[in-house]
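Coordinate inspection notes
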Amino acid sequence: MILEEEDALDANLAKLQLNNQVIVGQVCELGLESLRELGDSADSSNLRELHFILPEMAKGKTVQVQVTFGVTDQGKQKGFHFEDKEGVHTDLKLGDRPIMRYMYEALDTSSDKRIGETYKVYHHVYDPLGERFVTKGPGGLFPHHRGLFYGFNKISYSVDGKPMTADVWHCRSGESQAHVKVLSEVAGDVIGRHLLKIHWKGKDGIPFATELRELTAYNLEHGVMIGFASKLQTLVGDIKLAGDPQHAGFQFRGSQEIPDKTAAETYYVRPDGIGQPGAFRNWPGNKGHVNLKWNALCFVLGEQRLTCCYLDHPQNPKEARFSERNYGRFGSYFEYTVEPSRPLNLNYRIWLQYEAMTVEGVEKYSHDFVSPPMVTQK
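Values in this document were obtained by computation on a predicted structure and should not be read as measured data. (Residues numbered from 1 in each chain as written. Predicted model: local features only at pLDDT ≥ 70, side-chain atom pairs only at ≥ 80, totals over all residues. Heavy atoms only, no water.)

Considerations on the overall build of the protein chain
Basically, it comes down to this: By definition, any uninterrupted DSSP run of H or I lasting at least four residues is a helix, any uninterrupted run of E lasting at least two residues is a strand, and each is numbered from the N terminus. Here the globule rule reads 2.2 Å times residues to the power 0.38, and the radius of gyration is calculated from C-alpha atoms. Using a 1.4 Å probe on the protein chains alone, a residue whose accessible area is under 20% of its type maximum counts as buried, one over 50% counts as exposed, and one in between counts as partly exposed. Here a residue-residue contact requires only that any non-hydrogen atoms of the pair lie within 4.5 Å. Accessibility throughout is a Shrake-Rupley quantity obtained with a 1.4 Å probe, and a residue counts as covered only by protein chains that appear here. Positive: Lys, Arg. Negative: Asp, Glu. His and the chain ends are not part of the count. Lys charges are placed at NZ, Arg charges at CZ, Asp charges at CG and Glu charges at CD.
For the protein chain, the helix and strand inventory stands at four helices and 26 strands. Relative to a compact globule of 378 residues, whose C-alpha radius of gyration would be 21 Å, the protein chain shows 21 Å and is just as compact. Along the first, second and third principal axes, the C-alpha atoms of the protein chain reach 60 × 50 × 40 Å. Within the protein chain, the proportion of its 378 residues that are buried is 53%. For the protein chain, the share of sequence-separated contacts (at least 6 apart) that also reach a separation of at least 24 residues comes to 63%. Total accessible area on the protein chain is roughly 17,600 Å²; 48% of this is exposed by carbon and sulfur atoms. Of the charged side chains in the protein chain, 43 are positive and 49 negative, and the gap between their average positions amounts to 5 Å.

Next comes the structure, spelled out in structure tokens:
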């Protein structure tokens, strides 16, 4: 919800009165999606976002909420905060519970092993209790797959008329994705969010694109909800992004424990039904495996089954070509040309919970993502 009230400009917290229930709200500066809605030329200096989590409501129901800005935290909730190991990683925690970890070490060329560990930035995701990673880091099966990652393996552009190619997925010829700086951090009772500046570098080690990557976590006790937004801008003129479903786009890669121990128990939940273990779809072998509203990976770690939902937004570029693997990597990619006046904007959401989910269960999270409640101000 975007606000114009003067009372919200300097506030961090808000109190929302909904009938006899009090809801905590969080006020912060605009995120990437709000800025995209406003347009690049809009002045957002006097605007703020109000974040709050509504209780479950019947479809079509209308309620009135009274908002008071500038209230103090009564200590009833443990909010988000960041903990940084300088130059290595940053944890986002909700109270004592870790939610995700940003891996951002600078490229270390001292050995092939260190190059492989540091040639890309990515985010680890913790399980819903914050006890362990559900995602994979360097090494293991397909070491270039790790965590929540975004990139393309077939990139072409030109510099001073010279054709150039790059692969920021495998990063085998000197390419890398490099952390530049943290542009902002938002920490409160409702969301934790950071905005990152990342350089996409070619074989010559020179940046050809700048990415603003924003990840947002929400205060939910029964699962992990993470929003992924990105704005990719060119530094060299037109950049053509292409690839294949296994090595391009926005992807999730589960823990190395999945291929080591539980791959035979992996299956996918799709809009057209629940699949069977061993039955996986990949474009172009399955030409209809495109433009899904969502896809969900159901996998086992230790003694527990989890479901990870990958929610696509209709504003993201299409044709979105999806891929699934039994070792826990899935996602989609598309083709796109980034131009100086045409950056690439993306918006995805991840939902992770214990236990298997139904088609209807995943569809609910998808609907809430692309069709949130309508809010009007009086």
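Resuming the write-up.
Let's talk about the pairing of strand E23 (residues 321-324)
Selection criterion: Whether two strands pair depends on DSSP finding at least two bridges between them.
Alternating positions in E23 separate into two faces, Arg321 and Ser323 on one and Phe322 and Glu324 on the other, with burial throughout. Summarising the sheet, E23 and strand E24 (residues 329-333) pair through four bridges and their orientation is antiparallel. Considered in E24, the bridge of Arg321 is made with Tyr333.

Digging into the sheet that holds strand E21 (residues 294-301)
Inclusion rule: As a rule, the C-alpha atoms of each element are fitted with a line to give its axis, helices using only the stretch in contact, and angles between N-to-C directions run from 0 to 180 degrees.
Spatial ordering of the open sheet is given by E13-E14-E15-E16-E26-E22-E21-E19-E20, a layout of nine strands whose pairing is antiparallel. Every interior strand has two partners, whereas the edge strands, strand E13 (176-187) and strand E20 (273-274), have only one. Bridging between strand E14 (residues 191-201) and strand E15 (residues 207-218) involves eleven bridges; their strand directions are antiparallel. Across the sheet, the residue bridging to Ile198 is Glu211, located in E15. Lying on the sheet, helix H4 (residues 359-370) is in contact with strand E16 (224-234), strand E19 (267-270), E20, E21, strand E22 (304-312) and strand E26 (344-354); it crosses E22 at an angle near 40°.

Quick notes on empty space enclosed by the protein
Selection rule: Using a grid of 1 Å spacing that covers the protein atoms alone, one calls a set of points a cavity when a 1.4 Å probe fits there but cannot get out, and a pocket when the set is open and has protein on both sides within 12 Å along at least five of seven lines; lining residues are those with an atom within 4 Å of a point. Grid points are joined across faces, edges and corners, and a volume is the space filled by probe spheres set on the points.
If you walk through the whole model with that rule in mind, you get one cavity of 30 Å³ or more. Put simply, the largest cavity is a space of about 40 Å³. Of all the secondary structure elements, the ones that give two or more residues to the lining of the largest cavity are strand E10 (147-152) and strand E18 (248-253). Among the elements that line the lining of the largest cavity, the one with the most residues is E18, at three residues.

Quick look at the layout of surface pockets
Note the following rule: Basically, the charged four are Asp, Glu, Lys and Arg, the nonpolar ten are Ala, Val, Leu, Ile, Met, Phe, Trp, Tyr, Cys and Pro, and anything else, Gly included, counts as polar.
Looking at the second largest pocket, its volume works out to about 330 Å³. As for the second largest pocket, its lining consists of 21 residues, of which Cys28, Glu29, Leu30, Val186 and Arg193 are closest to the centre. For the lining of the second largest pocket, the elements supplying multiple residues, two or more each, are strand E3 (21-28), helix H1 (32-38), E13 and E14. Examining the composition of the lining of the second largest pocket, we find that four residues originate from one element, E13, more than from any other. Here the lining of the second largest pocket is composed, by residue class, of ten nonpolar, six polar and five charged.

What about the packing of aromatic side chains?
For any pair of aromatic rings, geometry is given as the distance between the ring centres together with the angle between the planes. Put simply, the rule is: Here a Phe, Tyr or Trp ring, Trp counted by its six-membered ring, pairs with any other such ring whose centre lies within 6.5 Å, and the pair is stacked when the planes are under 30 degrees apart, edge-to-face when over 60, and tilted otherwise. Consider the ring centre and the ring normal. A charge sits over the ring if Lys NZ or Arg CZ is within 6 Å of that centre and within 35 degrees of that normal.
Per the counting criterion, the structure on display carries 21 aromatic pairs. Judged by centre distance (5.4 Å) and plane angle (20°), the ring pair of Tyr102 and Tyr104 falls under stacked. When its relative accessible area of 1% is taken as the criterion, Tyr102 is described as buried. The class for Tyr104 is buried, based on a relative accessible area of 11%. On the basis of an interplanar angle of 70° and a centroid distance of 5.5 Å, the ring pair of Tyr150 and Trp200 is categorised as edge-to-face. Taken as a pair, Tyr150 in strand E10 and Trp200 in strand E14 lie far apart in primary sequence, 50 residues in all. On the basis of relative accessible area, Trp200 is assigned to the buried category, the value being 0%. The side chain of Lys120 reaches across the aromatic face of Phe149, ending 3.9 Å from its centre.

Things to note about the sheet that holds strand E11 (residues 154-159)
Note on sheets: strands pair through backbone hydrogen bonds, and any given pair is parallel or antiparallel. Taken together, the four strands give an open sheet; going across it, the order is E12-E11-E17-E25, and neighbouring strands pair in antiparallel fashion. Looking at which strands have only one partner, the edges of the open sheet turn out to be strand E12 (162-166) and strand E25 (336-338). Ignoring which end each strand starts from, the neighbouring axes of this sheet average 20° apart.

Here we look at the side chain of Ser176
If you trace the backbone, Ser176 turns up in strand E13. Each residue touching Ser176, except ones within four places of it in the same chain, is listed here: Leu107, Tyr119, Val168, Cys171, His199, Trp200 and Lys201.

Re the pattern of salt bridges
The line we're drawing: For this document, the term salt bridge refers to a Lys or Arg side-chain nitrogen within 4 Å of an Asp or Glu carboxyl oxygen.
The final tally for this structure, using the stated rule, is 18 salt bridges. Salt-bridge contacts for Arg213 lead to Glu211; the nearest nitrogen and oxygen are separated by 2.8 Å. For the pair Arg213 and Glu211, one class covers both residues: buried.

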